[in-house]
Amino acid sequence: MKALPLYLNGQWVHTHTKLGVVNPALGEQFSEVCTLERAAVGQAIGDAHKAFQQWREIPGKERGEYLEKIADELERRGDDIARTITLENGKPLAQSRGEVGMSVDHLRWFAQEARRIYGRTIPHQVRGKRHLVIKTPVGVVAAISPWNFPLVLALRKVAPALAAGCAVILKPASATPLCALALAECIDAAKLPAGVFQLVLGRASDIAQEFLDNPLCRKITFTGSTEVGRMLIRGAAGQIKPLSLELGGHAPILIFEDADMDAAVEGAIITKFRNTGQSCIASNRIYVQKAVYNKFLEQFTKKTLAMKVGDGLEDGVQIGPLINGEALNKALEHIEDATRRGARLLCGGKRIDRKGSFLEPTILADVPADAMCMSEETFAPVAPVCPFNTDAEVIECANASPYGLAAYAFTRNLDRAIRLMESLEAGTIGINDSVPSTSQCPFGGVKQSGWGRELGIEGLDGFMETKHISLGVHI
């Protein structure tokens, strides 16, 4: 098995150290990628800093044209890249194709935004002065992306940083580096100047420490666990290094008695079971008003039992494997804990006897508030459902979490919808919408779900410095 090279300073580079890539549907290694030592990462940062000096001078319109070319390459190779995502991540192929499509959309959105990096003039209060605000790129950006949406969450960082005029070093998750390599191939084909984008892989702690310690790395953007986010915050304190952090979530979904029940059930299916439940914005707590509680459970269980589980490359599969055995064991622990505390197991709850890390889609009813799954991310196809009585009660329950990445609600009452959008503590709220994320709108969390926003104009602004210029004039 020949190890795939890394992309450094415009060149494909082979090294002596390797990392195996495992197909979670089979539990078997099927590819190998080269890795770097920390010193080589430092060299990459130095090369990126040199490339940045020229890249920042290129007009935004021209930078956007490069992003369009990358999008064209990604689109052209979409089927192959989608298959790669499924092989290394396990998600159903249809969802991988959707991820490629959203990645292309991110690139095209920020390609257009690159030409709209506006400053402003501010009226002066003192004669003989004029005030300007300008935006300039922050510098070399280190982007650390996760395994659950390995392509699109990398591009949420890479695309706006490049559009802003920054040079980017991407460190993908060790479990899913292959689609990042495919992205590097698309970037290379688009003839992006050498050093403006680089791809590194190796021991995560060493790479992160180099990003934190190297003064030429001016910003770190990270998607991953809150625990690792805390470590980055502590490490960034020495240089007061800016961070963008998209961390853990524990999204509630609120289903009210006046909701369109078919839409609510379908919304719960999508928000809970998309990507096999391995999503930071997955609905981890399902609250249903008592008047429709039993009706919801009946329809939700029927739809869940009908879902096809299997290798993501098989036709019609809706639930793939979990990323590894550790994730499967954690999910089983959450199920056992909930049932021991009094939850009713309506379906699923067991490991599927086949190769890979497969779990039956699981529904737990009447889950008590002290169950582990009601406070910890399960990151699996496990759906805890609880009844509620009043709006005030369920809002309090929904907000009783240190996380605030996303929340969902289904209701046809406009007054209630407005109260929910104002009172729910989350960065993204989907009301009668189970897929709220989109390129042109900001995405990020409150509380322990992170700092900053990706996507939208806010996503571009995160890679810019804001400068006030006071001009003394004599007229």
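Throughout this document, residue positions are counted from 1 along each chain, in the order its sequence is written. The predicted origin of the model limits local features to residues at a pLDDT of at least 70 and limits the giving and counting of side-chain atom pairs to 80 or more, whereas totals for whole chains, interfaces and linings rest on all residues. As a rule here, side-chain values come from all non-hydrogen atoms in the structure, and water together with hydrogens is ignored.

Undergrad: In this structure, what is going on with the sheet that holds strand S19 (residues 428–431)? I would like to understand it.
TA: Strand-to-strand pairing in sheets goes through backbone hydrogen bonds, with the strands running parallel or antiparallel. Spatially, seven strands are ordered S14-S15-S16-S13-S12-S18-S19 in an open sheet, and the strand pairing comes out mixed. Unpaired on one side and paired on the other, strand S14 (344–347) and S19 mark the two borders of the sheet. Across the sheet, the mean angle separating the axes of adjacent strands is 20° when strand polarity is ignored. Only strands that DSSP links by at least two bridges are regarded as paired with each other. The way it works is that DSSP assigns letters per residue, a run of H or I at least four long becomes a helix, a run of E at least two long becomes a strand, and they are numbered from the N terminus. Summarising the sheet, strand S15 (residues 362–365) and strand S16 (residues 382–388) pair through four bridges and their orientation is parallel. From the neighbouring strand, Ile363 faces S16, where its bridge partner is Ala383. Along the sheet face, helix H12 (residues 391–399) touches strand S12 (251–255), strand S13 (283–289) and S16 and points at about 170° away from the line of S13. As a rule, the C-alpha atoms of each element are fitted with a line to give its axis, helices using only the stretch in contact, and angles between N-to-C directions run from 0 to 180 degrees. Working rule for contacts: check all heavy atoms of both residues, and any pair within 4.5 Å makes them a contact.

Undergrad: Mind showing me how you'd approach the pairing of strand S11 (residues 243–246) here?
TA: Strand residues, when the strand is regular, have side chains that alternate between the two faces of the sheet. When accessible area is computed with a 1.4 Å probe and restricted to protein chains, residues below 20% of their type maximum are described as buried, those above 50% as exposed, and intermediate ones as partly exposed. Side chains Leu243 and Leu245 project from S11 onto one buried face, and the interleaved Ser244 and Glu246 project onto a second face that is buried too. Pairing geometry for strand S10 (residues 217–223) and S11, over four bridges, is parallel. Counterpart to Phe222 in the pairing with S11 is Leu245.

Undergrad: Is there a simple way to think about unusual backbone geometry in this case?
TA: Most peptide bonds take the trans configuration, and most residues that are not glycine carry a negative phi. Residues other than glycine seldom take positive phi values, yet Lys191 does so here, at roughly 60°. When you line up the elements, Lys191 lands in the loop between helix H6 (178–189) and strand S9 (197–199). With phi around 70°, Leu455 is a residue other than glycine that occupies positive phi space. Tracing the chain through its elements places Leu455 in the loop between strand S21 (450–451) and helix H14 (456–461).

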